[in-house]
Amino acid sequence: METTQAGIISSRGLSIKVLSFIYWKRLRGYSVQVGVVNIFTNDKTGKTVRTSLETDFIAAKGSRIYYIQSAYSLDTPEKQDQETRSLKNIDDSFKKIVVVRESGPVRRDENGITYIGLEEFLLDEKSLDL
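Just so we're clear, the structure is a prediction, and the values are computed from it rather than from any experiment. Sequence order as written defines the numbering, with residues in each chain counted from 1. Residues qualify for local features only when their pLDDT is at least 70, as the model is predicted, and side-chain atom pairs are given and counted only at 80 or more; totals for whole chains, interfaces and linings, by contrast, use all residues. Think of the side-chain values as coming from all heavy atoms in the structure, minus any hydrogens and water.

**Considering the nonpolar core**
No. 1: Definition used in this section: a nonpolar core is a set of buried Ala, Val, Leu, Ile, Met, Phe, Trp, Tyr and Cys residues joined via side-chain atoms within 4.5 Å. To sort residues, take the accessible area from a 1.4 Å probe on protein chains only and compare it with the maximum for the residue type: under 20% means buried, over 50% means exposed, and anything in between is partly exposed. Counting 16 residues, the largest nonpolar core has Ile 22, Leu 27, Ile 68, Ile 97, Val 99, Phe 121 and Leu 128 as the members making the most contacts within it.
No. 2: Secondary structure elements follow DSSP: runs of H or I of four or more residues count as helices, runs of E of two or more count as strands, with numbering from the N terminus. Elements that contribute at least two residues to this core include exactly α1 (14-26), β4 (48-61), β5 (64-71), β6 (95-100) and α3 (118-123).
No. 3: Only heavy atoms matter for contacts: two residues are in contact if any of them lie within 4.5 Å across the pair. Residues in contact with Ile 22, not counting those within four places in the same chain, are Leu 27, Phe 57, Ser 70, Val 99, Leu 118, Phe 121 and Leu 122.
No. 4: In terms of nonpolar packing, the next biggest core, distinct from the first, is built from 13 residues, Val 37, Leu 53, Leu 74 and Val 100 among them.

Written out as structure tokens, the structure is:
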């Protein structure tokens, strides 16, 4: 397993394929960019520290905006926090989605983040609005 530039924990090459599938199968026709969220905290000495967190896709079409993060697995609370931290720090009401490798029912957490399996996300044409 390795961490890719896109922030996905995966076996070699799989992360690029997943991001490509998401882009080509679901986000064509949208204006798409990579998102960066800067958060500021204080270290032990009180010095302000900036941390940049990446969101895999910001997809926009008209007045609709979607923040999409892809994750190989969310098998621990630490991994879930790592994958959703950028989304939790985006202070607006647009849809936030985590696409995971595992299939399963679509669910939402207490932060309003939607979790959906990769297969469901790619095959359901309405998956951005579930």
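More follows now that the structure is in view.
**Describing helix α2 (residues 77-88)**
No. 1: For a helix, the expected span equals 1.5 Å multiplied by the number of residues minus one. Taking 1.5 Å of rise per residue, twelve residues should cover 16 Å, yet α2 covers just 14 Å from first to last C-alpha, more than 12% shy of that figure.
No. 2: Within the sequence span of α2, burial applies to Lys 79, Glu 83, Thr 84, Ser 86 and Leu 87. The buried residues of α2 occupy an angular sector of 145° when the element is viewed end-on, so they sit on one face. When the buried face of α2 is taken as reference, the exposed residues oriented beyond 90 degrees from it are Pro 77 and Glu 78. The directions from the helix axis to the C-beta atoms form the arc being described.

**Comments concerning the sheet that holds strand β8 (residues 114-117)**
No. 1: DSSP bridges decide pairing: two strands pair if at least two such bridges lie between them. Spatially, the six strands line up as an open sheet ordered β3-β4-β5-β6-β8-β7, and their pairing is mixed. Whereas interior strands pair on both sides, the edge strands pair on one side only; in this sheet they are β3 (31-42) and β7 (107-108).
No. 2: Both β6 and β8 contribute to a ladder of four bridges, which runs parallel. Bridge pairing in β8 links Val 99 to Ile 116.
No. 3: Docked against the sheet, α2 engages β3, β4, β5, β6, β7 and β8, running at close to 160° with respect to β5. Helix axes use the C-alpha atoms of the stretch in contact, all axes being lines fitted to C-alpha atoms, and the angles between their N-to-C directions lie in the range 0 to 180 degrees.

**Regarding the side chain of Lys 96**
No. 1: Among the structural elements, Lys 96 can be located in strand β6.
No. 2: For Lys 96, a relative accessible area of 8% corresponds to the buried category.
No. 3: Within 3.5 Å is the distance limit for a polar contact, defined as a pair of N or O atoms, with the added protein rule that one can donate a hydrogen and the other accept it, and that residues adjacent in sequence qualify only through two side-chain atoms. Of note is the side chain of Lys 96, whose polar atom sits 2.9 Å from the backbone oxygen of Asp 92.
No. 4: At a separation of 3.0 Å, a polar atom in the side chain of Lys 96 contacts the main-chain carbonyl oxygen of Phe 94.
No. 5: When near neighbours in sequence (up to four residues on either side) are disregarded, Lys 96 contacts Tyr 67, Leu 87, Ile 90, Gly 112, Ile 113 and Thr 114.

**Some words on the side chain of Glu 83**
No. 1: Relative to the helices and strands, Glu 83 resides in helix α2.
No. 2: Residue classification places Glu 83 among the buried residues on the basis of a relative accessible area of 2%.
No. 3: Here the side chain of Glu 83 touches Lys 79 through a polar contact of 2.6 Å, side chain to side chain.

**What about the pairing of β8?**
No. 1: Neither face of β8 is open: one carries Thr 114 and Ile 116, the other Tyr 115 and Gly 117, and all of them are buried.
No. 2: In the sheet, β7 pairs with β8 via two bridges, with the strands oriented antiparallel. Bridge pairing in β8 links Arg 108 to Thr 114.
No. 3: Hairpin remark: β7 followed by β8, antiparallel, with five residues in the connecting loop; positive phi at Gly 112, about 80°.

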